[in-house]
Amino acid sequence: MSTVKITDQSFDQDVLQAGKPVLVDFWAEWCGPCKQIAPALEQISEELAGQVTIAKLNIDDNQMTPSRYGVRGIPTMMLFKDGQMTAMKVGAMPKGKILEWLTEAGVSAA
């Protein structure tokens, strides 16, 4: 399962009403660090397909959701469980650190 593109309009259904945890990557085309972490997020979405959904929200095309959650810098990754934001990281991280953060936040690898 690869990353899922979401929008302001689909956010409630795709993230808040999801049956499993969702990591939302707030990003933009012009953001270098966002492009750096994209391959790692793709790999994580494959490796943890049953445990977590990796969703990407382009902040230039969708401005309501980032302002609703106070996104100030990108990349910002937020983990949502049961309709609530439970963890957040700002800035690019290597794949291992993202996996470590997800594990600490209660998303376990298979």
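Here the structure is shown first, and the text comes after it.
Residues numbered from 1 in each chain as written. Predicted model: local features only at pLDDT ≥ 70, side-chain atom pairs only at ≥ 80, totals over all residues. Heavy atoms only, no water.

### What about a nonpolar patch on the surface?
Residues Met 85, Met 88 and Val 90 make up a contiguous nonpolar surface patch of roughly 270 Å² in combined accessible area. Tracing the backbone through its elements, the reader meets Met 88 in strand β5 (residues 84-90). (Patch = residues over 30% accessible without salt bridge, like charges linked within 9 Å, V, L, I, M, F, W, Y side chains within 5 Å. Areas by Shrake-Rupley, 256 points an atom, 1.4 Å probe, with all protein chains shown as cover. Salt bridge = Lys/Arg side-chain N within 4 Å of Asp/Glu carboxyl O. Helix = DSSP H or I, 4+ residues; strand = E, 2+ residues; numbered from the N terminus.)

### Considerations on the pattern of salt bridges
Tallying each qualifying case throughout the model produces four salt bridges. Lys 95 serves as the salt-bridge partner of Glu 47, at 2.5 Å between the closest nitrogen and oxygen. Of this pair, Glu 47 sits in helix α2 (residues 32-47) while Lys 95 sits in helix α4 (residues 95-104), placing them 48 residues apart in sequence. Note on Lys 95: relative accessible area 24%, which makes it partly exposed. (Buried < 20%, exposed > 50% of the residue type's maximum accessible area, 1.4 Å probe, protein only.)

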